[in-house]
Amino acid sequence: LILKAGTLSAIGKVELNEKIKTSKVQTTNVISPYPYLLEVEAMDEFKGGSSKESDEQFFERAILSLYKYSTAGGQKAYEYFAYLADERVKDVKVISLEPVKVDVIIKADEAIAETVAAVDEKLNGDEKTQCFCDVVTVRAATKKVVVLEPTIYLIDMLAQASTLQELKNSLTNEFKIGVGLPYSKIIKALEIQNVYKVELEPNDLVVASDEVLEVSLNPTFVKAEF
């Protein structure tokens with residue numbers, strides 16, 4: 001940093017060389033030998049980095065990488081190159097209902113338009129990733145939003161706030177494209193500590209092949225009677 005004449009401070013940018021999206025690490029330690037440097041203040045957290053890949057995501061991508069050496073146009077090959085195109089891709093589904101017409105469906109938690117564009121460029125702009133005669137269309141998965149309104153009998157009514165948070169954490173939204181949620185798994189996710197009984201209309205959550213499920217919870221809490 002350069003302190004201009006007549007000024008007492010300067011602002012600079014520090015980059016965190018780790019593959020993480022954000023970090024609350026503060027760079028406030030003074031290591032300069034100059035005696036007139038009195039203090040360092042972090043104005044903001046580190047942000048704008050990459051999302052760290054989980055072990056499960058890395059394993060899945062490693063297996064799919066084997067298909068990149070096969071003939072272009074294979075389903076698994078398209079999946080691999082879609083994941084490779086943008087780290088924000090959370091799930092990929094390849095559908096081909098007609099010969100040479102390929103639909104690549106993408107799920108991403110953020111910047112879905114940019115992610116779809118990156119995958120489209122990878123699959124259609126590189127002769128190594130696209131079969132010569134295939135017509136590849138890349139699009140975002142359609143969200144199917146479902147609001148569950150169960151009646152939940154609690155053992156301790158004073159713990160409603162913490163129980164609601166645990167219920168939301170238990171009923172995650174990490175659903176794959178085209179995969180629904182059976183009624184039995186919904187009940188299992190809701191039967192946590194402090195829950196005595198759950199009443200909910202017995203319906204499975206079904207999605208189309210190009211849809212991705214998104215579940216929100218709006219429960220009614222009732223005191224359990226034994």
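This text goes with the structure placed above it.
About the criteria used
Residues numbered from 1 in each chain as written. Predicted model: local features only at pLDDT ≥ 70, side-chain atom pairs only at ≥ 80, totals over all residues. Heavy atoms only, no water. Phe/Tyr/Trp six-rings, centres within 6.5 Å; stacked < 30°, edge-to-face > 60°. Buried < 20%, exposed > 50% of the residue type's maximum accessible area, 1.4 Å probe, protein only. Helix = DSSP H or I, 4+ residues; strand = E, 2+ residues; numbered from the N terminus. Lys NZ or Arg CZ within 6 Å of the ring centre and 35° of its normal. Core = buried A, V, L, I, M, F, W, Y, C linked by side-chain atoms within 4.5 Å. Contact = heavy atoms within 4.5 Å.

As enumerated under the stated definition, the model contains 2 aromatic pairs in all. For the ring pair Tyr 80 and Phe 81, a centre distance of 5.3 Å and an interplane angle of 70 degrees mean the geometry is edge-to-face. Residue classification places Tyr 80 among the buried residues on the basis of a relative accessible area of 6%. Phe 81 gets classed as buried once you look at its relative accessible area, which sits at 10%. Geometrically, the ring pair formed by Tyr 196 and Phe 226 is edge-to-face, given 4.8 Å between the ring centres and 75 degrees between the ring planes. On the criterion of sequence distance, the pair formed by Tyr 196 in strand E8 (residues 195–199) and Phe 226 in the segment after strand E10 (220–223) is long-range, its members being 30 residues apart. Judged by relative accessible area, Phe 226 falls into the exposed class, the value being 72%. Directly above the ring of Tyr 153 sits Lys 197, whose terminal nitrogen or CZ lies 4.6 Å from the centroid.

Before going further, it helps to examine the nonpolar core. One broad trend across soluble globular proteins is that nonpolar side chains are buried collectively. Counting 22 residues, the largest nonpolar core has Leu 148, Leu 167, Leu 205 and Leu 213 as the members making the most contacts within it. Looking at this core, the elements that each hand over two or more residues are strand E6 (142–148), strand E7 (151–154), helix H5 (183–190), E8 and strand E9 (211–217). Considering every element that reaches this core, the biggest residue donor is H5, with 4 residues. Once you skip the residues sitting within four places of it in the chain, Leu 213 turns out to touch Lys 144, Val 146, Asn 173, Phe 175, Val 179, Gly 180, Leu 181, Leu 205 and Val 207. One finds Ala 82, Val 89, Val 102 and Val 138 within the second-largest nonpolar core, a separate group that totals 17 residues.

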